Amino acid sequence: MSGGPHAKLAELGLSLPEVVPPLASYVPAVQSGRQVYVSGQLPMVDGKLLATGKVGNGVSAEQAKDLAEQCALNALAAIDSLVGLENVVKIVKVTGFVASAEGFTGQPGVINGASNLFGAVFGEAGRHARSAVGVAELPLDAPVEVEVIVEVA
């Protein structure tokens, strides 16, 4: 890929944030062999959630899609700090959790915010397996949380 993932992020008008400090007893990402497992990332910027509440009641699906993109950026920051984005071979699996109001069934569209970013940054290597799950509550009343598994060189 010409220029690599950092150049692609810049082309998209995006930059990696600081790694979000853990909220409890875990680390942002851990490597095991050629896999990096990224802990669930919330849509945080500068230590603050960008929104709170349930998708479908107070948080729109479109807003939640943007929040999922921020979760993905936070995941990329965790990966970069551990092994460097240039070492990512493949985004393997994305799991997205959506704090859903009763009757909201648009979880896949919300998590597309994360999936689309990975595709834009890594091209074919950004295509991945995925789950998009509706849940009753997320930490800190976050509307979205995203975790990622990547293969590295």
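So, how was this worked out
- Sequence order sets the numbering: in each chain, residues are counted from 1 along the sequence as written.
- With the structure being a predicted model, the display of local features is reserved for residues of pLDDT at least 70 and the display and counting of side-chain atom pairs for 80 or more, all residues being used for whole-chain, interface and lining totals.
- Side-chain figures throughout are based on the complete set of non-hydrogen atoms in the structure, without hydrogens or water.
- A pair of strands is labelled paired if DSSP reports no fewer than 2 bridges between them.
- Helix and strand definitions follow DSSP, with helices as H or I runs of at least four residues and strands as E runs of at least two, each counted in order from the N terminus.
- Partly exposed residues are those whose accessible area sits between 20% and 50% of the maximum for their type, while under 20% is buried and over 50% is exposed, using a 1.4 Å probe and protein chains only.
- We define a polar contact as two N or O atoms separated by no more than 3.5 Å, with the added condition that, inside protein, one atom must be a possible hydrogen donor and the other a possible acceptor, whereas residues neighbouring each other in sequence contribute only through side-chain atom pairs.
- Helix span, as expected, comes to 1.5 Å for every residue beyond the first.
- Axis definition: a line fitted to C-alpha atoms, over the contacting stretch in the case of helices. Angles run 0 to 180 degrees between N-to-C directions.
- We call two residues contacting when some pair of their heavy atoms lies within 4.5 Å.
- In what follows, salt bridge is the name for a side-chain nitrogen of Lys or Arg lying within 4 Å of a carboxyl oxygen of Asp or Glu.
- Buried residues of nine kinds, namely Ala, Val, Leu, Ile, Met, Phe, Trp, Tyr and Cys, make up a nonpolar core once their side-chain atoms join them within 4.5 Å.

Draft legend 1. Here's a closer look at the pairing of strand E9 (residues 144-152). Here five bridges tie strand E2 (residues 35-41) to E9, and the two strands are oriented antiparallel to one another. From the neighbouring strand, Val36 faces E9, where its bridge partner is Val150. Where strand E7 (residues 88-99) and E9 come together, nine bridges link them in antiparallel fashion. Note that in E9 the partner of Lys93 across the bridge is Ile149.

Draft legend 2. Seen up close, the environment of Glu137. Inspection of the secondary structure puts Glu137 in the loop between strand E8 (129-135) and E9. Glu137 sits in the exposed class, given a relative accessible area of 54%. Sequence separation between Glu137 and Gly53 is 84 residues, and the spatial gap between their C-alpha atoms is 8.7 Å. Within polar-contact distance, the side chain of Glu137 engages the side chain of Lys54 at 3.0 Å.

Draft legend 3. View of helix H2 (residues 61-82). Between its first and last C-alpha, H2 extends 32 Å over 22 residues, near the 32 Å set by a 1.5 Å rise per residue. A positive phi of about 90 degrees marks Gly84, the residue just after H2.

Draft legend 4. Examining the sheet that holds strand E1 (residues 29-32) more closely. Strand order in the open sheet made by the five strands is E1-E2-E9-E7-E8, with mixed pairing throughout. Since the sheet does not close on itself, it has two edges, and those belong to E1 and E8, each with one partner. Each adjacent strand pair in this sheet contributes to an overall mean axis angle of 15 degrees, direction not counted. Pairing of E1 with E2 involves four bridges; the strand directions are antiparallel.

Draft legend 5. Examining the side chain of Asn74 more closely. By the element assignment, Asn74 lies in helix H2. According to the relative accessible area criterion, Asn74 is buried, its value standing at 0%. Other than its neighbours up to four places away in sequence, Asn74 contacts Pro17, Val20, Gln41, Leu42, Pro43 and Met44.

Draft legend 6. Structural view of the pattern of salt bridges. For the structure shown, the criterion picks out four salt bridges. Residue Glu11 pairs with Lys8 through a salt bridge whose shortest N-O separation is 3.2 Å. Linking Glu11 with Lys8, this pair stays in helix H1 (residues 4-11), spanning three residues, or about one helical turn. On the basis of relative accessibility, which here comes to 57%, the residue Glu11 falls in the exposed class. A salt bridge links Lys54 to Glu137; the nearest nitrogen and oxygen atoms lie 3.0 Å apart. Placement of the pair is Lys54 in strand E5 (residues 54-55) and Glu137 in the loop between E8 and E9, with a sequence separation of 83 residues.

Draft legend 7. Structural view of the nonpolar core. Of all hydrophobic cores here, the largest spans 36 residues; its most connected members are Ile79, Val144 and Val148. Contributions of two or more residues to this core are made by E2, H2, E7, helix H3 (107-122) and E9. Looking at this core element by element, the count peaks at ten residues for H2. Ignoring sequence-local partners within four residues, the contact set of Ile79 consists of Val36, Val38, Gly84, Leu85, Val88 and Val150. If you look at the next biggest cluster of nonpolar residues, it comprises six residues, including Leu42, Ala99, Leu138 and Ala142.

On their own, these measurements won't tell you what the molecule is for.
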